[in-house]
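# Structural description and commentary
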Amino acid sequence: MIKNVFFKNLLINSVFKGISVVNQVIPKDDNQILLYSDLGFRDNVRYLYDFLIEQGYNQKYKIVCAVKDYEKLDKDVPENVNFVSPVKGVLKYLTSNHVFYCFGRLPINTARNQRVIQMWHGTSFKGFAQNMKKSAAHADKFYTYVYASSEYFRPIVEKKFNCSPDHVAICGHPRTDVMYHTKPDYDLGDFKKVIMWMPTFRQSKTLGMTDVAQASILPFLEDSELGEFDDFLRSQNVEIIVKLHPMQDVTAVNLTNFTNLKLLSNTKFDETGWDLYKLLSCSDALITDYSSVFYDYLLLNRPIGFTEDDVEEYSQKRGFAVDPEKFRPGTHMKSLDDLKQFIMDTAQNQDQFIEQRKEINELANQFQDGKNCLRSLTLSNIGK
């Protein structure tokens, strides 16, 4: 990933401009699918890959995955599957008739009849980052389609990606399809309730950026207070699994093991062998702040608690794509006492937001059938 915006734009207007010209004349293989992700093999790209393999599409199509850590992944792979570096992915792009992204993209103008789809990694809730505003000027040239999860979000996607209406396709996130499957047999312990906590991005050394300043790993709690909070969870017989954002800087945090509080960095989470969206389907409630995961969780219609320790600062620095009051159907928590009350309510099956969640779910998720992977392939003219 190239962090320097000036250097990135320089490449777009020089090297990739030449590659775009070459891309128009190189023949495309209609039986080759490229899945490209410069932030790891995860999210919508990974779920689409799993669907392709489970349904046997690799019997007909060559599937190329251009991702980080490709060398670790390119072992004992199914037939007609190849993992390559993001750099080699540029060459594979030139011969692939079907291309899918969910993070980043290659700034190459699509060729005639080439299908290049930006699935992205969440329905817009937060405002648009400055680096995205600067890099989206040619979205119509780079994508055949960008996804919007519903008609309500079509104009928001048009603005976010600076693209015309005919380049926006209505499709849900492929990652949510597994939420309609049978629950996996994960050993989450013997607890009355299991709550997932997914804080959004705060700051990252990798990207050299920050959305807001936060001294502790969790809102309302100093790192030194986590043990006491664990005691409270034990008194309620509730487990909280905290899945920290993949880009979150946790180098200064002691991710100590507690009995009822599990703090998992992205690396630690990968070591569990759990699938994130399958795990969400096993949970009884969700805690988040401004992460768009709550749109996905609405499909389950289970309690959601929203932390608001820095909402004013976040609003000033990053902002919101939609009304943050209307689009968060759940308990808005402004203190540790509010957080504890939400946990106690969940433990006692107290839930007053069922109808509000249904209302926002209808606005945000046009498709609620668990068929977004198949829908994605159809949009790219991929068939068995």
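Residues numbered from 1 in each chain as written. Predicted model: local features only at pLDDT ≥ 70, side-chain atom pairs only at ≥ 80, totals over all residues. Heavy atoms only, no water.

Further remarks concern the packing of helix H3 (residues 43-54) against helix H16 (residues 372-379). Closest axis-to-axis distance for the H3/H16 pair is 10 Å, and the angle between their directions is 85°. On the basis of their axis angle, the class for H3 and H16 is roughly perpendicular. Contacts between H3 and H16 involve Tyr47, Leu48, Phe51 and Leu52 on the former and, on the latter, Cys373, Leu374, Ser376 and Leu377. Broken down by class, the residue content of the contact of H3 with H16 amounts to 7 nonpolar, 1 polar and no charged. (Axes fitted to C-alpha atoms, helices over the stretch in contact; angles between N-to-C directions. Helix = DSSP H or I, 4+ residues; strand = E, 2+ residues; numbered from the N terminus. Parallel < 35°, antiparallel > 145°, perpendicular 65-115°, else oblique. Contact = heavy atoms within 4.5 Å. Nonpolar A, V, L, I, M, F, W, Y, C, P; charged D, E, K, R; others polar.)

Our focus in this paragraph is the packing of aromatic side chains. Inspection of the entire model under this criterion finds 21 aromatic pairs. Look at phenylalanine 41 and phenylalanine 83: their rings are 5.2 Å apart centre to centre, the planes differ by 90°, and that puts the pair in the edge-to-face class. One end of the pair, phenylalanine 41, is in the loop between strand E1 (29-37) and H3; the other, phenylalanine 83, is in strand E3 (residues 81-84), with 42 residues separating them in the sequence. Taken as a pair, phenylalanine 41 and phenylalanine 83 share a single burial class, namely buried. Aromatic rings pair up to connect Phe125, Tyr152, Phe153, Phe294, Tyr295, Phe306 and Phe327 into one cluster. Its end group placed over the ring of phenylalanine 269, lysine 243 keeps NZ or CZ at 5.5 Å from the ring centre. One residue, arginine 375, lies across the ring of phenylalanine 367, its end atom 3.7 Å from the ring centre. (Phe/Tyr/Trp six-rings, centres within 6.5 Å; stacked < 30°, edge-to-face > 60°. Buried < 20%, exposed > 50% of the residue type's maximum accessible area, 1.4 Å probe, protein only. Lys NZ or Arg CZ within 6 Å of the ring centre and 35° of its normal.)

Spatially, E12-E11-E8-E13-E14-E15 is the arrangement adopted by the 6 strands of the open sheet, whose pairing is parallel. In the strand order of this sheet, the two ends are held by strand E12 (261-264) and strand E15 (331-333), each with one partner. Neighbour-to-neighbour, the strand axes of the sheet open up by a mean angle of 20°, direction not taken into account. Relative to strand E13 (residues 285-288), strand E8 (residues 193-198) runs parallel, the two being bridged by 4 bridges. Opposite isoleucine 195, over in E13, you have alanine 285 as the bridge partner. (Pairing = 2+ DSSP bridges.)

Ranked by size, the top nonpolar core spans 61 residues in total, and within it Tyr93, Leu286 and Tyr295 carry the most contacts. For this core, the element with the most residues is helix H11 (residues 276-282), which contributes 5 residues. Counting 29 residues, the second-largest nonpolar core is a separate cluster that includes Leu39, Leu52, Phe83 and Phe100. (Core = buried A, V, L, I, M, F, W, Y, C linked by side-chain atoms within 4.5 Å.)

Attention now moves to helix H9 (residues 226-236). Among all positions in H9, only Leu226, Phe229, Asp230, Phe232, Leu233 and Gln236 are buried. Within H9, the buried residues cover an arc of 155° as seen down the axis, which keeps them to one side. Exposed side chains of H9 directed beyond 90 degrees from the buried face belong to Glu228 and Ser235. Residues of H9 that are buried in the fold lie against E8, strand E11 (238-243), E12 and helix H14 (336-347). (Arc of directions from axis to C-beta.)

It is a probe the size of a water molecule, rolled over the atoms, that shows where empty space is left. Here the structure, examined in full by the defined rule, presents 2 cavities of 30 Å³ or more. The calculated volume of the largest cavity comes to roughly 100 Å³. Lining the largest cavity we find 14 residues, and of these Gly122, Thr123, Ser124, Tyr147 and Val157 sit closest to its centre. For the lining of the largest cavity, the secondary-structure elements that each account for two or more residues are strand E6 (145-148) and helix H8 (154-161). Its residues placed into classes, the lining of the largest cavity shows 8 nonpolar, 5 polar and 1 charged. (1 Å grid on protein atoms, 1.4 Å probe; cavity = no way out; pocket = protein on both sides within 12 Å on 5 of 7 lines; lining within 4 Å. Points joined across faces, edges and corners; volume = space filled by probe spheres on them.)

What follows concerns the confidence of the model for the chain. Per-chain confidence: the chain averages 88 in pLDDT, with 85% of residues scoring 70 or above. With pLDDT under 50 throughout, residues 203-214 is counted as low confidence; its partners more than four residues away or in other chains account for 36 contacts. (pLDDT = per-residue confidence, 0-100.)

With that out of the way, let us pick up the pairing of strand E5 (residues 115-118). Residue alternation in E5 divides its side chains into two sets, Arg115 and Ile117 and Val116 and Gln118, and both sets are buried. Judged from the 4 bridges that link them, strand E4 (residues 96-103) and E5 form a sheet pairing that is parallel. Considered in E5, the bridge of tyrosine 101 is made with glutamine 118. Of the strand pairs in this sheet, E5 and E6 are connected by 2 bridges, and their pairing is parallel. Residue pairing for E6: glutamine 118 is matched across the bridge by valine 146.

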